Amino acid sequence: MNAPPIPMIKLFSLSLALAVSANAADWEKLPPLPEPNGGFICGSQGKHIVIIGGTNWEGGKKNWLRTIHEFDPTTLKWEKAKDLQEGPYAYGTALQNGSHLAFLGGTNGEKPLRIFAGVDGIKTAMSRELDLPRTVVLSAGGWIGEKVVMVGGTDDAANIAGVSKSTVLFEQNTRERV
């Protein structure tokens, strides 16, 4: 028995319509961030969403933020977990590996950073894991097994022309390039 083939566009349209209609009722508006924010690190820790640092503008002045906020989806509330002891932090790369949230690079508003740090526990204790091979902001990255990959980035957020085209793969524990 040979059925006529279904044109791909019809199959795609049907799949899209089913997906949209099935999920349309699942969306709900959530509370906004506790303060205007961009350039922050975002990930999950346990069942909470974690926002680390960032920047905002108020009264014509750029503010560099040092707060860690957590969002609890069961209560739909934001809570200030703590302030970063190291100072403000923005424009780094978030890395999520299962329940482990980490970040690399970034800036404190005065200079680019070479840090690779993790977030541990529900009250987001920070643990500095190692120094990066170079300072970097505005990069991308992730884990490949136990290795960390860092792609692109620049040494200065204002230096977009200086964005690197390199990829660096290193061991998380030893910082050795692979």
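Residues numbered from 1 in each chain as written. Predicted model: local features only at pLDDT ≥ 70, side-chain atom pairs only at ≥ 80, totals over all residues. Heavy atoms only, no water.

(A) Just the side chain of His48, in detail. By secondary structure assignment, the location of His48 is in strand S2 (residues 48-58). Here the side chain of His48 touches Glu70 through a polar contact of 3.5 Å, side chain to side chain. (Helix = DSSP H or I, 4+ residues; strand = E, 2+ residues; numbered from the N terminus. Polar contact = N/O pair within 3.5 Å; in protein donor to acceptor, adjacent residues only side chain to side chain.)

(B) The packing of aromatic side chains, seen in detail. Under the counting rule described, the total for this entry stands at four aromatic pairs. Ring geometry for Tyr89 against Phe103: centres 4.6 Å apart, planes inclined by 50°, an arrangement best described as tilted. Of this pair, Tyr89 sits in the loop between strand S4 (77-83) and strand S5 (93-97) while Phe103 sits in strand S6 (residues 100-104), and the two are 14 residues apart along the sequence. In this structure, Tyr89 and Phe103 share a single accessibility class: buried. (Phe/Tyr/Trp six-rings, centres within 6.5 Å; stacked < 30°, edge-to-face > 60°. Buried < 20%, exposed > 50% of the residue type's maximum accessible area, 1.4 Å probe, protein only.)

(C) Fine view of the nonpolar core. Core analysis: the largest hydrophobic core is formed by 13 residues, its most contacted members being Ile52, Ile68, Tyr89 and Phe103. When residues in this core are grouped by element, the largest group, three residues, is from strand S7 (residues 115-120). Discounting chain neighbours no more than four positions away, the residues touching Ile52 are Phe40, Ile41, Thr67, Ile68, Leu84, Tyr89, Leu101, Phe103 and Val119. Ranked by size, the runner-up nonpolar core spans 11 residues in total, among them Leu104, Leu132, Val136 and Met150. (Core = buried A, V, L, I, M, F, W, Y, C linked by side-chain atoms within 4.5 Å. Contact = heavy atoms within 4.5 Å.)

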